[in-house]
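Residue strings, one per chain:
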Amino acid sequence: MSTRETSAYCQPALLVAVMFIRSAFQMGVIKSVGVFLSNIQASLGESDTGIGVALGLFSACISSPAPLVGYFYGRLPSFSRRMMLIAGPLLSSLGLVLASLAVNYVQFSASLGLSGVGFSFMLMCILLELSEQARTHFGLFLSIGSTGFAAGMSVIPLLGEFLMNVYGWRGAMLILGGLMGNLIPMIAAIRPKTAEALKASSEFPQREIHTQQLKMKCYSNALMIRQVINAEGDRQTLETLGLTLRTSFNRETAIPYRLKVLGQWVCG
C-alpha cells in the first residue's frame, strides 16, 4: 500500500478519534459542573439558577457560531482551515483553564462561553472535513465519533469527582482543561484537502453518474436491436445498427472497453 493510500485511510480515522474525544468532553464538562455544583456555589456565592445559566451559555456558544464557522471553513485555503481546526481545542482548553481561575459568576460564565466557542469550531470543522475525507463512509464514521457522548456522560464525571476530592473543583477543572489541550497536536496532524483536490473529488460522483447513464443507454439500444431482428429477421438492418452502435461506443470514452463489442455481440 502506497503512502498516499495509507494517508487516505489515516486521515478519516484521526478525524473520528478527535470527534470521539471532543464529544466525550462536551458532555463531560456539563456533567462535571453538576458534580462540582455545591463547591462552585460555595466558592463563587452563586445560586443554582446562575450556574444553570452559565451551562446554558456554554451550550449556546456551541451551537450559535456554527453557521459562520461552516461558511468560512468551506471558503478558506488549506492552511487557514488547519488554523481553524487548531483554534477549536485551543479555545475550549483555555476556557476551562480560565473557569478554574474565576473569582465571580461573570468570569465563570464568560470562561464557559469561550470554551463553548472552541467546541463549536471543532464540531463544524471536523464534520466538514470528515464529509470531504470520508465521502461514502461519512455516516459510519459520524456514528462512531458520536459514541463519545455516551463515554463522556459515564466516565468523565467519575474522573471529575476523583480529581475534585484530591485537588478541589478548581484543580479538577484545570486538569480537565489540560486534558482537552492534548487534542491540539492530534488536530495539527490533520491535513485538510486543497482546493484542487476538493474540486476533483466533487466531480467524481458526476462522472460516475454519467457513466452509469451511458451504460443503461447502451443496453437499452442493444435490446431494441434484438427486438427489431426478432420481429423482422432483417440481417442487414441489424448489421447497420450494430455498426452505428460500435461507432458511438468509440466516441464515449467513459464506457468500459467490454461494452464496445456489444454491437458485435448483437450481430453474432
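Counting of residues starts from 1 at the beginning of each chain's written sequence and follows it residue by residue. Totals for whole chains, interfaces and linings use all residues, but because this is a predicted model, local features are given only for residues with pLDDT of at least 70 and pairs of side-chain atoms are given and counted only at 80 or more. Values reported for side chains reflect all heavy atoms of the structure, with hydrogen atoms and water molecules removed beforehand.

1. What about the overall build of the protein?
When helices and strands are counted, the protein shows 13 helices and zero strands. Listed N to C, the secondary structure of the protein is α-α-α-α-α-α-α-α-α-α-α-α-α in terms of helices and strands. A 1.4 Å probe rolled over the protein chains alone gives each residue an accessible area, and that area as a share of the maximum for its type sets the label: buried under 20%, exposed over 50%, partly exposed in between. Expressed as a percentage of the 268 residues in the protein, the buried residues total 38%. We call two residues in contact whenever any of their non-hydrogen atoms come within 4.5 Å of each other. The contacts of the protein with a sequence gap of at least 6 include a subset with a gap of at least 24, amounting to 78%. Secondary structure elements follow DSSP: runs of H or I of four or more residues count as helices, runs of E of two or more count as strands, with numbering from the N terminus.

2. With respect to the packing of aromatic side chains
What counts as a ring pair is set by centres within 6.5 Å for rings of Phe, Tyr and Trp (its six-membered ring), and what kind of pair is set by the plane angle: stacked under 30 degrees, edge-to-face over 60, tilted for all other angles. Counted according to the given criterion, the structure contains three aromatic pairs. Ring centres of F58 and F119 lie 5.6 Å apart, and the angle between their planes is 80°; on these two criteria the pair is classed as edge-to-face. On the criterion of sequence distance, the pair formed by F58 in helix α3 (residues 48-63) and F119 in helix α6 (residues 105-134) is long-range, its members being 61 residues apart. Here the two residues F58 and F119 agree in accessibility, since each one is buried. Ring geometry for Y71 and F72: centres 5.3 Å apart, planes at 85°, overall edge-to-face.

3. What to know about the environment of G178
Structurally, G178 can be placed in helix α9 (residues 156-181). Sequence separation between G178 and V97 is 81 residues, and the spatial gap between their C-alpha atoms is 7.5 Å.

4. Some details on the packing of helix α5 (residues 78-100) against α9
At a minimum axis distance of 8 Å, the contact between α5 and α9 shows a crossing angle of 170°. With respect to their mutual orientation, α5 and α9 come out roughly antiparallel. The residues of α9 that touch α5, namely those facing P89, S92, S93, L96, V97, A99 and S100, are W169, R170, M173, L174, L176, G177, G178, M180 and G181. When the residues that make up the contact of α5 with α9 are grouped by side-chain class, the tally is nine nonpolar, six polar and one charged. Axis definition: a line fitted to C-alpha atoms, over the contacting stretch in the case of helices. Angles run 0 to 180 degrees between N-to-C directions. Here roughly perpendicular refers to angles of 65 to 115 degrees, roughly parallel to angles under 35, roughly antiparallel to angles over 145, and oblique to all remaining angles. The classification used treats Ala, Val, Leu, Ile, Met, Phe, Trp, Tyr, Cys and Pro as nonpolar, Asp, Glu, Lys and Arg as charged, and all other residues, Gly among them, as polar.

5. What to know about the nonpolar core
Among buried residues, those of type Ala, Val, Leu, Ile, Met, Phe, Trp, Tyr and Cys that are joined through side-chain atoms within 4.5 Å constitute a nonpolar core. If you look at the biggest cluster of nonpolar residues, it comprises 47 residues, and the most contacted ones within it are I40, F108 and L112. Broken down by secondary-structure element, the contributors of at least two residues to this core are α1 (3-35), α2 (37-44), α3, α4 (66-73), α5, α6, α9 and α10 (183-188). Broken down by element, the residue count for this core peaks at ten residues, all from α6. In contact with F108, not counting residues within four places along its chain, are I40, L44, I51, A54, A99, A102, W169 and M173.

6. Things to note about the side chain of E129
Within the element layout of this structure, E129 appears in helix α6. Apart from residues lying up to four places away in sequence, E129 is in contact with L15, Y73, R81, I190, R191, P192 and K193.

7. Some words on the packing of α4 against α6
Here α4 crosses α6 at 45°, and the two axes come no closer than 9 Å. As far as their axial angle goes, α6 and α4 are oblique. Considering only the axes of α4 and α6, their crossing is right-handed. Along its contact with α4, which presents A66, V69, G70 and Y73, the element α6 presents S120, F121, M124, C125, L128 and E129. Put simply, a crossing is left-handed when the front helix is turned counterclockwise from the back one by less than a right angle, and right-handed when it is turned clockwise.

8. Section: the pattern of salt bridges
Throughout this description, the term salt bridge denotes a Lys or Arg side-chain nitrogen within 4 Å of a carboxyl oxygen of Asp or Glu. Using the criterion set out here, one finds two salt bridges in the structure. Here E129 and R81 are joined by a salt bridge, their closest N and O atoms 3.8 Å apart. Within this pair, whereas E129 is found in helix α6, its partner R81 is found in helix α5, the two being separated by 48 residues in sequence. The shortest N-O distance in the salt bridge between E132 and R81 comes to 2.9 Å.

9. Comments concerning the confidence of the model for the protein
Summarising the model, the protein shows a mean pLDDT of 78, and 69% of its residues fall at 70 or more. Scored between 0 and 100, pLDDT is the confidence that the predictor attaches to each residue. For the protein, the element scoring lowest by mean pLDDT is helix α13 (residues 262-267), at 47; α9 scores highest, at 94. Segment residues 200-204: pLDDT under 50, and four contacts once partners within four positions in sequence are set aside and those in other chains are kept. Segment residues 245-268: pLDDT under 50, and 36 contacts once partners within four positions in sequence are set aside and those in other chains are kept.

10. A short note on a nonpolar patch on the surface
On the surface, L159, F162, V166, Y167 and L179 cluster together into a nonpolar patch covering about 480 Å² of accessible area. With respect to the helices and strands, the residue Y167 is situated in helix α9. What goes into a patch is any residue over 30% in relative accessible area without a salt bridge, connected to like charges within 9 Å or, for nonpolar side chains (Val, Leu, Ile, Met, Phe, Trp, Tyr), within 5 Å. For every accessible area listed, the method is Shrake-Rupley and the probe measures 1.4 Å; residues are considered covered only by the protein chains on display.

11. Concerning the side chain of S92
As for its placement among the helices and strands, S92 is situated in helix α5. In this structure, S92 is in contact with S115, G118, F119, M122 and M180, ignoring residues within four places of it in sequence.

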